[in-house]
Amino acid sequence: MIKFLPSRRVQKDTGLNFDLLSNICSEIFNRGFKKNLTFYCKVHKSRLKETSTVERLDEKCLYQINLDIEGSRKYLIGTILHELRHIFQQALFKYEVVARFSSYRAYYNSTEETDARKQEKLTSEILKIYDNYQKAQEKFKRFNLKELG
């Protein structure tokens with residue numbers, strides 16, 4: 001299970017349904033990796049302008065994503081996927097992420113950043129699943145499908 005745990009500020013300012021996003025990511029990545037993943041990701045507003053980061057909070061499965069919340073839903077979900085990939089790099093692949101780079105170019109071309117940008121390419125599909133799930137829930141309510149008739 002991948003569980004996003006947003007702060008009240010992030011929940012309010014983004015308007016995202018983090019429970020739904022957690023379920024979608026769990027389903028996709030559990031199947032993709034063919035294992036049951038367990039990650040708990042606190043999501044807080046980044047204190048650095050136009051910057052998102054991730055940090056490991058314990059030795060097991062607790063992480064904190066510091067999210068740049070200024071952007072569209074597509075940007076937010078893409079950024080979460082990017083930071084989630086950094087979690088996979090550390091936890092699944094045992095890849096130690098380098099925190100300091102000599103230049104922006106070195107950072108941009110680094111192995112971990114190139115890899116994380118690949119996972120961002122799932123953004124459109126995940127956003128479609130997210131939106132269609134919400135539409136289905138609205139129709140379920142509108143047609144009163146929890147009762148007969």
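Note that residues are indexed from 1 along each chain, following the sequence as it is written. For this predicted model, a pLDDT threshold of at least 70 governs which residues receive local features, and a threshold of 80 or more governs which side-chain atom pairs are given and counted, while totals over whole chains, interfaces and linings are taken from all residues. As a rule here, side-chain values cover all heavy atoms of the structure and leave hydrogens and water aside.

Caption draft 1: Quick look at the packing of aromatic side chains. Put simply, two rings from Phe, Tyr or Trp (the six-membered ring, in Trp's case) pair if the centres are within 6.5 Å, and we call them stacked under 30 degrees between planes, edge-to-face over 60, tilted for the rest. Following the criterion strictly, the structure yields eight aromatic pairs and no others. Both rings, one in Tyr104 and one in Tyr107, keep their centres 5.7 Å apart while their planes meet at 45°; by these two values the pair is tilted. Of this pair, Tyr104 and Tyr107 both sit in helix 4 (residues 104-108), three residues apart, which is roughly one turn of the helix. The rings of Phe29, Phe33, Phe39, Tyr63, Phe88 and Phe93 are connected pair by pair, giving a single aromatic cluster. To qualify as a helix, a DSSP run of H or I must reach at least 4 residues; to qualify as a strand, a run of E must reach at least 2; elements of each kind are numbered from the N terminus.

Caption draft 2: Looking closely at the sheet that holds strand 2 (residues 39-45). Strands qualify as paired when DSSP identifies two bridges or more between them. Spatial ordering of the open sheet is given by 1-2-4-3, a layout of four strands whose pairing is mixed. Two strands in the sheet have a free side with no partner beyond their single neighbour: strand 1 (2-6) and strand 3 (53-56). Direction aside, neighbouring strands of the sheet carry axes that sit 25° apart on average. Pairing geometry for strand 1 and strand 2, over five bridges, is parallel. Within the sheet, the bridge partner assigned to Pro6 lies in strand 2 and is Val43. Here a residue-residue contact requires only that any non-hydrogen atoms of the pair lie within 4.5 Å. Only the stretch in contact is used when a helix axis is fitted, and all axes are lines through C-alpha atoms; the angle between N-to-C directions ranges over 0 to 180 degrees. Relative to the sheet, helix 2 (residues 18-33) contacts strand 1 and strand 2, its axis offset from that of strand 1 by approximately 155°.

Caption draft 3: Focus on the nonpolar core. If you look at the biggest cluster of nonpolar residues, it comprises 30 residues, and the most contacted ones within it are Ile2, Phe4, Cys25, Phe29, Phe39 and Leu84. Of all the secondary-structure elements, those providing two or more residues to this core are strand 1, helix 2, strand 2, strand 4 (62-67), helix 3 (73-91) and helix 6 (123-142). Residue contributions to this core peak at eight residues, all from helix 3. Once residues within four sequence positions are removed from consideration, Phe39 is found in contact with Met1, Ile2, Lys3, Cys61, Tyr63, Ile87, Phe88, Ala91 and Leu92. What we call a nonpolar core is a set of buried Ala, Val, Leu, Ile, Met, Phe, Trp, Tyr and Cys residues that are connected through their side-chain atoms within 4.5 Å. Burial here depends on accessible area, computed with a 1.4 Å probe over protein chains only, as a share of the maximum for the residue type. Under 20% is buried, over 50% is exposed, and the range in between is partly exposed.

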